[in-house]
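Here is what each chain is made of, one letter per residue.
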Amino acid sequence: MQTIKRILLWRSPNQAGEYVILKPMAGTSTPLSTGTSTPLSTRVSTVLNTSSAEAVGGADALAEATDARHTWLWPLLDSSNLPPRIDSPAATEGVTIGRIAADEMTAQSCYAVDALDDAIARAQANVGVLGRYVNVLMVCMATFGRLPRVLPAPLEDVIDGVVKDGRDLTAVNRWCTQAATQLARQRQPVSSVLAGRISGMTPLPVTTTTGHWLDNLTAAIHSHRETVQADLDALALQTCPPVDLFVRGSRHVSVGRDLTRRYTNLIGRTVRTGTLSRHTYRQAAQITRKALAQHGDAALLGAAVAIYAGGLAGASADDVLFQVGAPDDGGIGEADIAMRFVHALQQAGIIGQPVLNERGNYVWFDDTPTPQAVAVTIVGTWFNWLRATKSADYEQMGAVPQQLSRQAKQRLSAQIWRFQGVELTVERRDNRLLTHTPQGNLFGYIAKGQEDTVAAAAVLRVVYATATTDGNVQAVVIRV
């Protein structure tokens, strides 16, 4: 088989065969991912090559080309196994296709008010027909590799009936129900990814199969997406502000939390009601300016501590610190709020001054090595504290009386400052990370999804901690 570079393109196809094959011109850069060891290329390409030969065709190898910087990777596929293009006679060979013409009711020569009721009724009757028809065709192509021998209408007629002229699609709707019922009655195995597309058209259960190439490909894509998301979350969790921010700003966290709450409530309310506008951001700036007038830079430093102690979940709420926009006639512009936060960090010695070197302008940080801090959530803390301080030994959280549970959470919130500077021992047990106090008591579990952030640490020192309303602890820790 001759190997030639080709690019297979399709844009929102409605049916099999809607694609185009292009040949790159000489000198064209290869528009594909780089690196032979990344899951993005190897995992999905492997599935394409080994599992989808019946639909696309594949080989057992990956083609590579190396230039001075990259190794380019693409799957070797047999284009002769592609379905015929939809505009070729071979696409419908052996298939009988009916026609549904536009009737007189929908073919009005001029605008008529009396025709509205009939047109609306027909449009309502045709709701969902297009989706049902496409789903049945999709399932047939994935199951048998071809279209059914008899079709009630070309897909174009169905599309026109739904979105253009309102022609009667009752026959198409009836055919979809019959086709789905026949597949179910014959217990024809259907890809589990597609089974749900026809299960609602028939009262009979749809038989699913395992190992279908589409199932394998979909699983590989989901696995890759989860891998990338996990790596992104782990990176974001490790990207924590300097420890000095939490040391210097923790005294002002109540002021900062109040500012953050006011800001997010305003923005959230206008988003929910659809009234978010430039005026909303001016109101938000006014709220921030008022806090600055009362508390100075402490309001911004305290807000930063309250926000970033939440880790990845909290980082998305730091808009209050970086409000930008043009100054207004009232004096301080929104842009000045972002700059004031930067200046507050500089005045506190948390970050340095911008330095211009041969690489351009960048923010310089002190060269003095500082421990890397990470934000984590420790769950179940209130329950473990209750068990350590009360004579009653409850085995499960649900067994704790509601009033006692509420009191324990309130007590944890009031006494959380005692844990600043405490070193927690980390232990792995049954795929969970446990933390223990210096006295050996169980403190809590590192929240799921955050294990990789502290997995390599044997001891964590708490730099800053705050208790949530549900009795968990959001803590900024450093590895000891």
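The structure reproduced in this document is the subject of the present report. (Residues numbered from 1 in each chain as written. Predicted model: local features only at pLDDT ≥ 70, side-chain atom pairs only at ≥ 80, totals over all residues. Heavy atoms only, no water.)

Let's shift gears to the overall build of the chain. Of the regular secondary structure elements, the chain holds 16 helices and 16 strands. Taking all 480 residues of the chain together, the buried fraction comes to 38%. Expressed as a percentage of contacts within the chain between residues at least 6 apart in sequence, the contacts between residues at least 24 apart total 58%. (Helix = DSSP H or I, 4+ residues; strand = E, 2+ residues; numbered from the N terminus. Buried < 20%, exposed > 50% of the residue type's maximum accessible area, 1.4 Å probe, protein only. Contact = heavy atoms within 4.5 Å.)

This part is about the pairing of strand 12 (residues 423-429). Note on strand geometry: in a regular strand, side chains alternate between the two faces of the sheet. Where strand 12 meets strand 15 (residues 459-467), three bridges bridge the pair, whose relative direction is antiparallel. Bridge pairing links Leu-424 to Leu-460 in strand 15. In sequence, strand 12 turns back onto strand 13 (residues 432-436) through a hairpin of two residues, with Asp-430 there showing a positive phi of about 55 degrees. (Pairing = 2+ DSSP bridges.)

Inspection of the secondary structure puts Thr-377 in strand 11 (residues 373-379). Beyond its immediate sequence surroundings of up to four residues, Thr-377 is in contact with Tyr-445, Ile-446, Ala-447, Gln-450, Asn-472, Val-473 and Gln-474.

A separate point is the sheet that holds strand 16 (residues 473-479). If you trace the six strands once around the closed barrel, you get 11-14-13-12-15-16, paired in antiparallel fashion. Averaged over all adjacent pairs, the angle separating strand axes in this sheet is 45 degrees, with direction ignored. One ladder, built from six bridges, connects strand 11 with strand 16; its direction is antiparallel. Opposite Val-376, over in strand 16, you have Ala-475 as the bridge partner. (Axes fitted to C-alpha atoms, helices over the stretch in contact; angles between N-to-C directions.)

Excluding glycine, residues mostly have negative phi values, and the peptide bonds linking residues are mostly trans. Even without being a glycine, Arg-187 presents a positive backbone phi close to 55 degrees. The topology assignment puts Arg-187 in the loop between helix 5 (170-185) and strand 7 (190-191). Looking at Arg-187, the relative accessible area reads 66%, which means it is exposed. Unlike most non-glycine residues, Asp-430 shows phi in positive territory, near 55 degrees.

To continue, consider helix 3 (residues 129-144). Owing to its 3.6 residues per turn, the α-helix aligns residues three or four sequence positions apart on the same side. Helix length check: helix 3, at 16 residues, gives a terminal C-alpha distance of 22 Å against a target of 22 Å (1.5 Å per residue), a fit within 8%. All of the buried residues in helix 3 are Val-129, Tyr-133, Val-134, Asn-135, Val-136, Leu-137, Val-139, Cys-140 and Ala-142. Phi for Gly-145, located one or two positions after helix 3, is positive at around 80 degrees. (Expected span 1.5 Å × (residues − 1).)

Within this structure, the stated rule accounts for eight salt bridges. As a salt-bridge pair, Asp-165 and Arg-167 come within 2.5 Å of each other at their nearest N and O atoms. On the basis of relative accessible area, Asp-165 is assigned to the buried category, the value being 16%. The partner of Asp-258 in a salt bridge is Arg-261, with the nearest N and O atoms 2.6 Å apart. (Salt bridge = Lys/Arg side-chain N within 4 Å of Asp/Glu carboxyl O.)

Here we take up a nonpolar patch on the surface. Where nonpolar side chains cluster on the molecular surface, the patch consists of Tyr-111, Val-113, Leu-116 and Ile-120 and spans about 430 Å² of accessible area. Mapping Ile-120 onto the fold places it in helix 2 (residues 115-125). (Patch = residues over 30% accessible without salt bridge, like charges linked within 9 Å, V, L, I, M, F, W, Y side chains within 5 Å. Areas by Shrake-Rupley, 256 points an atom, 1.4 Å probe, with all protein chains shown as cover.)

Right, let's talk about the packing of aromatic side chains for a bit. Evaluation of the coordinates by the stated rule reveals six aromatic pairs. Three or more aromatic residues joined by ring pairs make a cluster, and in this case those are Trp-385, Phe-419 and Phe-443. Its end group placed over the ring of Trp-382, Lys-409 keeps NZ or CZ at 5.0 Å from the ring centre. (Phe/Tyr/Trp six-rings, centres within 6.5 Å; stacked < 30°, edge-to-face > 60°. Lys NZ or Arg CZ within 6 Å of the ring centre and 35° of its normal.)

Most often, soluble globular proteins have nonpolar side chains that are buried together. With 35 residues, the main nonpolar core has Leu-245, Phe-246, Leu-321 and Val-476 as its most contacted residues. At the level of elements, helix 8 (243-249), helix 9 (253-273), helix 10 (278-295), helix 11 (298-308), helix 13 (334-347), strand 11, strand 15 and strand 16 are the ones that each hand at least two residues to this core. No other element matches the eight residues that helix 11 contributes to this core. Filtering out sequence-adjacent residues up to four positions away, Val-476 remains in contact with Cys-240, Phe-246, Ala-309, Ala-373, Val-374, Ala-375, Arg-461, Val-462, Val-463 and Tyr-464. (Core = buried A, V, L, I, M, F, W, Y, C linked by side-chain atoms within 4.5 Å.)

What follows deals with the environment of Ile-446. Residue placement: Ile-446 occurs in strand 14 (residues 442-446). On the basis of relative accessibility, which here comes to 0%, the residue Ile-446 falls in the buried class. For the pair Ile-446 and Val-426, spaced 20 residues apart in sequence, the C-alpha to C-alpha distance is 9.2 Å. Each residue touching Ile-446, except ones within four places of it in the same chain, is listed here: Val-376, Thr-377, Ile-378, Arg-432, Leu-433, Thr-435, Glu-451 and Val-454.

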